[in-house]
Number of protein chains: 2
Amino acid sequence: LLAFVASTASADGAMRAAAEDVRERALADPLAWELLESLTTDVGPRPVGSAGMERAKEWAVARFQVLGFENISIESFEKKDAWLRGPESAQLTAPYSRELAVLGLGNSVPTIQEGVEAEIALIGSLAELRAMPEGSLAGRIAVLNWRFDSAQGEAGYRAASDGRRDGASIAAAKGAIGFMLRSAGTSSGRRAHTGVMRYAESAPRIPAAAIANPDADLLERLVARGIAVRLRLRLASRLLPSTTAWNVSGVFRGREDPDAVILVGGHLDSWDNSEGAADDAAGVAITMAAARLAAQARVRPRRTIRVVLWGSEETSGSSEAYAERHRDEIAHIVIAGESDLGAGRVYKIATSKCAWSDPHLQTLTAVLAPLGIQQDPVAADFGGVDIEHLRKAGVPVVRLSQDPREYFDVHHTADDTLNRINRRALDQNVAAWAALLYVFAESGVDICSHDD
Amino acid sequence: LLAFVASTASADGAMRAAAEDVRERALADPLAWELLESLTTDVGPRPVGSAGMERAKEWAVARFQVLGFENISIESFEKKDAWLRGPESAQLTAPYSRELAVLGLGNSVPTIQEGVEAEIALIGSLAELRAMPEGSLAGRIAVLNWRFDSAQGEAGYRAASDGRRDGASIAAAKGAIGFMLRSAGTSSGRRAHTGVMRYAESAPRIPAAAIANPDADLLERLVARGIAVRLRLRLASRLLPSTTAWNVSGVFRGREDPDAVILVGGHLDSWDNSEGAADDAAGVAITMAAARLAAQARVRPRRTIRVVLWGSEETSGSSEAYAERHRDEIAHIVIAGESDLGAGRVYKIATSKCAWSDPHLQTLTAVLAPLGIQQDPVAADFGGVDIEHLRKAGVPVVRLSQDPREYFDVHHTADDTLNRINRRALDQNVAAWAALLYVFAESGVDICSHDD
């Protein structure tokens, strides 16, 4: 027995040493930055249905090849009603004329050519909007003025994006002829934050746009004067009834148990209005680099590491398509993770609650601690939009929570550019994911599936 | 003699106490913020030749009246070739297509409807551009890629704006068919910084625009790959051959020597793409509030305080018009100052070198010290664009240097909005100007005219 304990302890010691080595090499590895620089520079914006997304697919395959990934695969799926932005503008028309900074929300119907022009009704919150009487917004452009504060982090974003998703139909049901949203984001510049919305079946489909925070401030100040405030909103867009999107993946096969898969990735698609550096070229770069570093440990890990670059996160589609296609493989996917909050530093790791009793995970916690990462006692109830359908099918998830304070300044804006990425923080993310992938792939850790 | 010294000392003590009282009241006075909020909200963008500038003129007169200013005067002057922006866009066309964030430079000719499309030539500095051989830019869009760093402060801005002003004609003389400039500003967002340019007589007039810093970064990264980088620039604008602009002024008459004038102000006009909060609603608000606070000292000061709200700073005109109209009054203008760097904290006071031997100015220095303001031993060789023609005519100037580090993030961009103004710093400016105006108006200080 003592001999067995000693040999286990020594195996654990070797795994820990190897994981620490992976972590340290990651901190000095230029690969993630190079990938990030290339995806933002050589590909640029890459919404589903655009030439950019085709370039992104080709970029991913070429990079996987150069980096020695195996089983490189392009899994195409049909994307219905891909939404592509056209020219957009908004003007204050009373009490005087001036341009306003707006962005149409994804899935919004276009306006007629001359736009929709009306007096606005400023509404403080989604709850307030829901509580308004029937007909109370008749003929108005409803402006949902809820403020998202970066101190609220991701929870604040979720609350704000609820308004973005559902606001138009709720306002339309009360008579509104247009819907605008104070951006679900924290840019202090005249940059609206876009994002998807959806229409309920029961209400007229009215045009929906986000307005930049300083311009929402202006509307607020004007309304406070007790005068009629009017604006004109012009939105154009087209829907591709059916287009193709792709999840692109590559693996480093495990040396002993290649069918057991540790799955990680970021999403290749982006909004149209920037090079999508934080959202999500960073996640693509972090997970590709981390997988390679983990696979290049002194000994190739026991289980397979698979990187999936998701093809339709922003307007959804990739998660469903992947889970559907890999239905028969679910039991072999040991764990799944996604990197999709830019390059904000990782400060917390969460996974299934019961997993923490496994000594391998205690080893991982020890390896991550010098990076400033704590173990989250709360179970990960979400790992990322693209792995949500895997999670629902029973795949355990792991989540590295990131500092969100700067991310939401650029998220879904035209300002999501390479110069806003902190390279040291990017490297810290790579180190965390690389060590994590190594420990999950090398150890026999078995994660109970999501337990609460 | 002793009695005289004692009475002088006591008079000085009273003046200092009164100046300190003005300073302290200023720090608690909401007026400047209210004026700033109103000009940005009720008037909005106000370029010369626009309806906004008409509103600004009316706003100024109404506010002067409400605040008890006397001799309110609207001095109109002719502004020739007022430049008004039309629709503008730019696209990268090779190696792939993507939108670029640009702004035409003031005075630029428009492009033809379909724009000018060409390979770019990236040039590191104005000196390098000047040194290029004849014909070396034939058929190219020249992109001047000089970086302005906020650590360089106002001197850096002047260097960058030299390129903005002169770059197009220098490039045109070497064959360029278009000119672009890395923005003479420090926004990290996809916001180009506009500003005026001018054409030399000797070269073809080519279209000229500023490009946002992250987009200049992109061009730089693409050019570093050794590939042909092409773009299309579309600019529209119109010139009003002759329009009217106005310098609007009001005074608080001196109780003893009303013909002696302490002149101060900010400029009412702004660029078209924002509400011009920092440039220069702040200066308007600061100087109006400061003048009123100084005039409302326990005893109205001896000399007249005049606030001039300048009507055409951005594309010039107000300075010449005012100096010309007030030619016969030059000798009576004791000193002139301008507030035109937003609400960045004041850290330094400069005026004519010889003035510092006057004990009244030592008193002023002592009153300003608690605000964190030092005396600059170097003579003020510049007081502001709008008082430059007064200075050239012999009027001494005083300058309060301001922290420029945030100003150039928004300067001449669409992001120059109220939410970027720090109210505490605004109040510190008001306190500094109010104490300064009071001491200059109350004391007999006589500033030797510019001495070096």
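Residues numbered from 1 in each chain as written. Chains lettered and ligands numbered in written order. Predicted model: local features only at pLDDT ≥ 70, side-chain atom pairs only at ≥ 80, totals over all residues. Heavy atoms only, no water.

J.: Help me understand helix 7 (residues 277-295) of chain B in this model?
T.: Counting along an α-helix, one turn takes 3.6 residues, and residues three or four places apart therefore face a common direction. The terminal C-alpha atoms of helix 7 of chain B lie 25 Å apart, and with 19 residues this matches the ideal 27 Å at 1.5 Å per residue to within 8%. Burial analysis of helix 7 of chain B places 18 of its 19 residues in the buried class, which makes it a mostly covered element. (Helix = DSSP H or I, 4+ residues; strand = E, 2+ residues; numbered from the N terminus. Expected span 1.5 Å × (residues − 1). Buried < 20%, exposed > 50% of the residue type's maximum accessible area, 1.4 Å probe, protein only.)

J.: Can you walk me through the pairing of strand 10 (residues 303-309) of chain B in this structure?
T.: Each regular strand shows side chains that alternate between the opposite faces of the sheet. Residues and elements named next belong to chain B. Among the seven residues of strand 10, seven are classified as buried, and the element is accordingly described as predominantly covered. Relative to strand 10, strand 9 (residues 257-265) runs parallel, the two sharing five bridges. Counterpart to Leu-263 in the pairing with strand 10 is Arg-306. (Pairing = 2+ DSSP bridges.)

J.: I would appreciate a short explanation of the sheet that holds strand 14 (residues 399-402) of chain A in the present structure.
T.: Hydrogen bonds along the backbone pair up the strands of a sheet, which may run parallel or antiparallel. Residue and element names in this part refer to chain A. Spatial strand order, 13-12-14: three strands in an open sheet with mixed pairing. Strand pairing shows two members of the sheet lacking a second neighbour, strand 13 (374-375) and strand 14, which therefore form its edges. With two bridges connecting them, strand 12 (residues 346-350) and strand 13 associate as parallel partners. Within strand 13, the position partnered with Ile-349 by the bridge is Gln-375.

J.: Looking at this structure, I do not really get the sheet that holds strand 12 (residues 346-350) of chain B. What am I missing?
T.: Residue and element names in this part refer to chain B. Taking strand neighbours across the sheet as the criterion, the three strands line up as 13-12-14 in an open arrangement whose pairing is mixed. Where the open sheet ends on each side, the last strands, each with one partner, are strand 13 (374-375) and strand 14 (399-402). In the sheet, strand 12 pairs with strand 14 via four bridges, with the strands oriented antiparallel. Within the sheet, the bridge partner assigned to Ile-349 lies in strand 14 and is Leu-400.

J.: Honestly, the pairing of strand 5 (residues 141-144) of chain B in this entry has me stumped. Any pointers?
T.: Residues and elements named next belong to chain B. Judged by which residues are buried, strand 5 turns out to be covered on both faces: Ile-141 and Val-143 on one side and Ala-142 and Leu-144 on the other are all buried. Pairing between strand 4 (residues 116-123) and strand 5: four bridges, direction parallel. Note on strand 5: the bridge partner recorded for Ile-120 is Ile-141. Strand direction decides the pairing type here: strand 5 and strand 6 (residues 178-182), joined by four bridges, are parallel. The partner of Ile-141 across the bridge, within strand 6, is Gly-178. Each parallel crossover has a hand, and the one from strand 5 via helix 5 (residues 153-173) to strand 6 is right-handed. (Right-handed = clockwise from strand over helix to strand, strands pointing away.)

Without other data, these values stay purely geometric and don't point to any function.
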